[in-house]
Amino acid sequence: MGLHLNYELRLPDSTDAEEVENVLVRLRDFALALPFQSVTEIYRPDFGRFDSRGGGLRFLASVIAKVFVDDTPPLIAHIDLVRGFSVIPGNGCESAAFAFMPRADQSGKHGDWFWHSSCKTQYASVISDAHLVTCHRGLVKLLDHAIELGVSVVVRDETRYWETRDEQRLISEVHNMNRIVAALAGKLSDHVGVANGRVQAPIFAHPGFERLEMGQDEHGRSELPPASN
C-alpha cells in the first residue's frame with residue numbers, strides 16, 4: 001500500500017535500435033546529474049552472452065507484456081530486445097526502470113517501443129518531507145527530460161505532483177496516506193503483534209508513527225481533511 005508515480009514511455013515503430021540507444025544514453029546522462037541514490041548501467045541485449053544484470057529488466061518486461069493481449073489488435077512484445085536502466089531515487093523509494101521493448105501485432109504493424117513502470121516514493125517521507133520532495137521531483141524531472149528527447153510520456157501520479165507541480169500538495173497527499181497506512185498497520189500489529197515479525201511495514205520506521213496512527217498532523221491536530229482536487 002502506498003502512493004506511486006506511474007508512467008508509460010513510447011517511441012514510434014519507425015525508431016531504430018540505434019535511435020533508442022541514443023535516447024537511453026541521453027536519459028541516463030541526465031539521471032546521473034540528479035541527486036539519485038543510484039543509477040545502473042544500461043542493459044543491452046547480447047544474444048551471445050548471458051548477462052545477469054538484465055534478469056530483473058527482462059522479468060519486468062515479461063510481466064508488462066502479459067497485458068498487451070487485451071489490446072486491439074493484440075500486441076506481441078519482443079522481450080529479448082528490451083534495453084534500459086534503473087534508478088533508485090533515494091532511501092525509502094522503490095527502484096524505477098526506464099526502458100523500451102518493441103511490440104507489434106502478428107502482422108508486424110501497429111508497433112512501437114514501449115515501457116510501463118511505477119515507483120513508490122511515499123516512504124521517502126520517513127526520512128523527511130524534504131527528502132520526499134527531492135526524490136519525487138527527481139523522477140518528474142527525468143520524465144520531463146524524456147519528453148524533451150521526443151519520448152511520448154503518459155503519467156498517473158497518485159500524489160498529484162505531476163499535474164500540479166505543487167510541493168505542498170505532494171507532502172499533503174503523502175501525509176494523508178501515511179495516516180491511513182499507520183492506522184491500518186497499528187490495528188494489525190495490535191491484533192497479531194509486531195515483536196514476532198509477522199507484521200512488517202515501512203511506516204513503522206516513521207518517527208511520528210504514533211501520531212500518524214492516531215490520525216494527527218505534525219501539530220497534533222486530528223483528522224486533517226484530504227487535499228482538495
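Residues numbered from 1 in each chain as written. Predicted model: local features only at pLDDT ≥ 70, side-chain atom pairs only at ≥ 80, totals over all residues. Heavy atoms only, no water.

Let us look at the overall build of the chain. When helices and strands are tallied, the chain shows 6 helices and 7 strands. Ordering the α and β elements of the chain from the N terminus gives β-α-β-α-β-β-β-β-α-β-α-α-α. Expressed as a percentage of its 229 residues, the buried residues of the chain come to 47%. In the chain, of all internal contacts separated by at least 6 residues, the share reaching a separation of at least 24 is 68%. As presented, the chain carries roughly 12000 Å² of accessible surface, and 52% of it is formed by carbon and sulfur atoms. (Helix = DSSP H or I, 4+ residues; strand = E, 2+ residues; numbered from the N terminus. Buried < 20%, exposed > 50% of the residue type's maximum accessible area, 1.4 Å probe, protein only. Contact = heavy atoms within 4.5 Å. Areas by Shrake-Rupley, 256 points an atom, 1.4 Å probe, with all protein chains shown as cover.)

By the secondary structure assignment, Ala 124 is in the loop between β6 (112–120) and α3 (129–148). What makes Ala 124 buried here is its relative accessible area of 0%. The spatial distance from the C-alpha of Ala 124 to the C-alpha of Cys 93 is 5.7 Å, given a sequence separation of 31 residues. If we ignore the near neighbours within four places in the chain, the residues touching Ala 124 are Asn 91, Gly 92, Cys 93, His 131, Leu 132 and Cys 135.

Nonpolar side chains in soluble globular proteins tend to be buried together. One finds Leu 9, Phe 85, Val 87, Phe 98, Phe 100, Trp 115 and Leu 143 to be the most contacted residues of the largest nonpolar core, which totals 58 residues. With 8 residues, α3 is the largest single contributor of residues to this core. Once residues within four sequence positions are removed from consideration, Leu 9 is found in contact with Phe 98, Ala 99, Phe 100, Trp 113, Phe 114, Trp 115, Leu 143, Val 151, Ser 152 and Val 153. (Core = buried A, V, L, I, M, F, W, Y, C linked by side-chain atoms within 4.5 Å.)

To continue, consider the pairing of strand β1 (residues 4–12). Looking down a regular strand, the side chains alternate between one sheet face and the other. Bridge analysis of β1 against β6 gives 9 bridges, and the strand direction is antiparallel. Across the sheet, residue Tyr 7 finds its bridge partner in β6, namely Ser 117. Examined bridge by bridge, β1 and strand β7 (residues 152–157) share 6 bridges and lie antiparallel to one another. Across the sheet, the residue bridging to Asn 6 is Arg 156, located in β7. (Pairing = 2+ DSSP bridges.)

Let's shift gears to the side chain of His 131. Checked against the element boundaries, His 131 lands in helix α3. Apart from the residues within four sequence positions on either side, His 131 is in contact with Gly 90, Asn 91 and Ala 124.

Our focus in this paragraph is the packing of aromatic side chains. Evaluated as defined, the whole model comprises 3 aromatic pairs. With 5.3 Å between their ring centres and 80° between their planes, Phe 68 and Phe 114 make a pair best called edge-to-face. Within this pair, whereas Phe 68 is found in the loop between α2 (55–65) and β3 (76–77), its partner Phe 114 is found in strand β6, the two being separated by 46 residues in sequence. Like Phe 68, the residue Phe 114 is buried in the burial classification. Here Phe 85 and Phe 98 contribute two aromatic rings whose centre-to-centre distance is 5.9 Å and whose plane-to-plane angle is 20°, an arrangement assigned as stacked. Note that Phe 85 is positioned in strand β4 (residues 83–88) and Phe 98 in strand β5 (residues 96–104), a separation of 13 residues in sequence. Judged on exposure class, the residue Phe 85 and its partner Phe 98 are both buried. A connected cluster of aromatic rings, assembled from ring pairs, spans Tyr 7, Phe 85 and Phe 98. Lying across the ring of Phe 114, Arg 103 places its NZ or CZ 3.9 Å from the centre. Sitting over the ring of Trp 162, Arg 165 keeps its end group 4.6 Å from the ring centre. (Phe/Tyr/Trp six-rings, centres within 6.5 Å; stacked < 30°, edge-to-face > 60°. Lys NZ or Arg CZ within 6 Å of the ring centre and 35° of its normal.)

Positive phi is not limited to glycine here, since Arg 160 has a value of about 70°. Note that Arg 160 resides in the loop between β7 and α4 (161–164). One non-glycine residue, Arg 165, lies in the positive phi region at around 55°. On the secondary structure map, Arg 165 appears in the loop between α4 and α5 (167–192).

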